[in-house]
Amino acid sequence: MPTEISTKLADSMKINIKIKDKVVTATLIDSKTTQDFISLLPLTLTLEDYARTEKNSDLPKRLSTEDVPPGSDPAVGDIAYYAPWGNLAIYYRDFGYSNGLVILGKTDDGIEALNVPGSVEVTIELVQSQ
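Treat the numbers as computed from the prediction; the structure is a model and nothing was measured.

In spatial order, the strands read E1-E2-E9-E6-E7-E4-E3-E10; together these eight strands close into a barrel with antiparallel pairing. Sheet twist, expressed as the average angle between the axes of neighbouring strands with direction ignored, equals 35 degrees. Across three bridges, strand E2 (residues 22-28) lies against strand E9 (residues 101-107) in antiparallel orientation. In the sheet register, Thr-27 faces E9, and the bridge partner there is Lys-106.

One can find Leu-47 in strand E3 (residues 43-50). Spatially, the C-alpha atoms of Leu-47 and Val-122 are 7.2 Å apart, while their sequence positions differ by 75 residues. If we ignore the near neighbours within four places in the chain, the residues touching Leu-47 are Lys-55, Asn-56, Ser-57, Ile-90, Leu-114, Gly-118, Ser-119, Val-120 and Val-122.

On to unusual backbone geometry, then. Residue Pro-42 is reached from Leu-41 by a cis peptide bond, and omega for that bond is -5 degrees. Mapped onto the elements of the fold, Pro-42 is located in the loop between helix H2 (32-38) and E3. You will see that Lys-20, though not glycine, has its phi angle at about 50 degrees, which is positive. Counting through the fold element by element, Lys-20 comes out in the loop between strand E1 (14-19) and E2. With a phi angle near 60 degrees, Asp-67 is a residue other than glycine that sits in the positive phi range. Tracing the chain through its elements places Asp-67 in the loop between strand E4 (54-58) and strand E5 (71-72). By relative accessible area, Asp-67 is classed as exposed at 66%.

What follows deals with the pattern of salt bridges. The full count for this structure, using the stated rule, is seven salt bridges. For Asp-108, the salt bridge goes to Lys-14, with nearest N and O atoms at 3.1 Å. Placement of Asp-108 in the loop between E9 and strand E10 (120-126) and of Lys-14 in strand E1 is noted, with a sequence separation of 94 residues between them. In this structure, the salt-bridge partner of Asp-67 is Lys-32, at a minimum N-O distance of 3.0 Å. Remark: Lys-32 occurs in helix H2 and Asp-67 occurs in the loop between E4 and E5; sequence separation between them is 35 residues.

Cut-offs and rules
Residues numbered from 1 in each chain as written. Predicted model: local features only at pLDDT ≥ 70, side-chain atom pairs only at ≥ 80, totals over all residues. Heavy atoms only, no water. Pairing = 2+ DSSP bridges. Helix = DSSP H or I, 4+ residues; strand = E, 2+ residues; numbered from the N terminus. Axes fitted to C-alpha atoms, helices over the stretch in contact; angles between N-to-C directions. Contact = heavy atoms within 4.5 Å. Buried < 20%, exposed > 50% of the residue type's maximum accessible area, 1.4 Å probe, protein only. Salt bridge = Lys/Arg side-chain N within 4 Å of Asp/Glu carboxyl O.

Printed below as a string of structure tokens:
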């Protein structure tokens, strides 16, 4: 039953991004880079504002970039890994194509919680399926 398998995969690839009293949910794409990212969770980071477009932070280690495209064109809500700097980026505004940018997933809702001045502390956790 492909539907059950895809539902299980989707459930296991959900994360919560907790910002103070708000929770932003997101769905991750299944890739080697994403699997590497999930292995770091739970993770508490201070996301700094960058170019009034994204919040980003260094990660504790570099992620795999095996089998990824040379770059990506992120949209609002995209969660990405910027390989040249080794950081996580969450886009709250649209941005253009960037070499070395690997899309990890997309927020399901609540991205406006990141569209605030300055830095924000977040805790990112894998959602455990029932």
